[in-house]
Amino acid sequence: LAPLPYPLSCRWVLSQGAATQLAPAMFNTSGGLRGCAAVAGLPAGSTAVSLPSKLLMTYKTAADSDFGAVLNRMGLDPETLAVVWTMVDRWDADSAAKPFWQALPQRFSTGLSVPEQLIDLMSGLQEQQKFTEARQHVRGQFQQLQQAFT
């Protein structure tokens, strides 16, 4: 186990009132597994990480924002509203979560954005069906929005 310095995003989260008994670490395994390790023993039932609610990105966060109010008037369901909101907020130079967004890779995939060929590799797994259904739902919602965004 090799401790790592706190990245900028972690320092920002801590400056916003988060508390943690974990620290970034590199584990001595093949492939160099990265993650977090306890800085001291954690008794059963203790809190490893505590985040203030203002740092949570929830359906309510999205819906209660200025842009969320516009999206609400378009009749989006909460999941789609949250997806569209995060797509916009990630690139908003004035976003309150800018340090978080900047910590993410420029390009990454989720079950909604991963290439279809990778979803097909999960053939027979329950997750394949969940990803497929979610993608179809979001595509349908997006098609309804096309006119508003063009």
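So, here is what we can say about the structure in this document.

Rules of the game
Residues numbered from 1 in each chain as written. Predicted model: local features only at pLDDT ≥ 70, side-chain atom pairs only at ≥ 80, totals over all residues. Heavy atoms only, no water. Axes fitted to C-alpha atoms, helices over the stretch in contact; angles between N-to-C directions. Helix = DSSP H or I, 4+ residues; strand = E, 2+ residues; numbered from the N terminus. Parallel < 35°, antiparallel > 145°, perpendicular 65-115°, else oblique. Left-handed = near helix turned anticlockwise from the far one by under 90°. Contact = heavy atoms within 4.5 Å. Nonpolar A, V, L, I, M, F, W, Y, C, P; charged D, E, K, R; others polar. Salt bridge = Lys/Arg side-chain N within 4 Å of Asp/Glu carboxyl O. Buried < 20%, exposed > 50% of the residue type's maximum accessible area, 1.4 Å probe, protein only. Expected span 1.5 Å × (residues − 1). Polar contact = N/O pair within 3.5 Å; in protein donor to acceptor, adjacent residues only side chain to side chain. Core = buried A, V, L, I, M, F, W, Y, C linked by side-chain atoms within 4.5 Å. Pairing = 2+ DSSP bridges.

Moving on to the packing of helix 3 (residues 66-73) against helix 4 (residues 78-89). At a minimum axis separation of 10 Å, helix 3 and helix 4 run at an interaxial angle of 140°. Put simply, helix 3 runs oblique to helix 4. The crossing of helix 3 and helix 4 is right-handed. Residue-level inspection shows F67, G68, L71 and N72 of helix 3 in contact with helix 4, the latter providing L81, V84, W85 and V88. The residue inventory of the contact of helix 3 with helix 4, partitioned by class, reads 6 nonpolar, 2 polar and no charged.

A side chain with one charge can pair with a side chain of the opposite charge if their charged atoms come near. The tally for this structure, following the rule as stated, stands at 3 salt bridges. In this structure, R135 engages E116 in a salt bridge whose closest nitrogen and oxygen atoms are separated by 3.1 Å. Pair noted here: R135 is in helix 7 (residues 126-149) and E116 is in helix 6 (residues 116-120), with a separation of 19 residues, a long-range link. Assessed through its relative accessible area of 7%, R135 is described here as buried. Classification of E116 as partly exposed rests on a relative accessible area of 35%. Between R139 and E116 there is a salt bridge, with its nearest N and O atoms 3.8 Å apart. Of this pair, R139 sits in helix 7 while E116 sits in helix 6, placing them 23 residues apart in sequence. Classification of R139 by relative accessible area gives partly exposed; the value is 44%.

Residues R135 and L112 lie 23 residues apart in sequence; the distance between their C-alpha atoms is 5.4 Å. If we ignore the near neighbours within four places in the chain, the residues touching R135 are G111, L112, S113, V114, E116 and I119.

This part is about helix 4. Here helix 4 spans 16 Å end to end across 12 residues, near enough to the 16 Å set by a 1.5 Å rise per residue. Residues of helix 4 that are buried include every one of T80, L81, A82, V84, W85 and D89, and no others. The opening residue of helix 4 is D77, an N-cap whose side-chain oxygen sits 3.0 Å from the backbone nitrogen of E79.

Let us now look at the side chain of S9. Of note, S9 is situated in helix 1 (residues 8-15). On the basis of relative accessible area, S9 is assigned to the buried category, the value being 16%. Setting aside residues no more than four positions away along its own chain, S9 makes contact with P99 and A103.

Okay, the nonpolar core next. Among the nonpolar cores identified, the biggest contains 8 residues, and these are A62, L71, L76, L81, A82, V84, W85 and L145. At 4 residues, helix 4 tops the list of elements feeding residues into this core. Leaving out residues up to four positions away in the same chain, L81 has contacts with A62, A63, G68, L71, N72 and L76.

Okay, the pairing of strand 3 (residues 22-26) next. Both faces of the sheet carry side chains from a regular strand, because those side chains alternate between them. Taken across its 5 residues, strand 3 has 4 buried, putting it largely inside the fold. Here strand 3 pairs with strand 4 (residues 34-38) via 5 bridges, running antiparallel. Pairing of A23 across the sheet is with A37, part of strand 4.

Worth remembering: the numbers are spatial, not functional.
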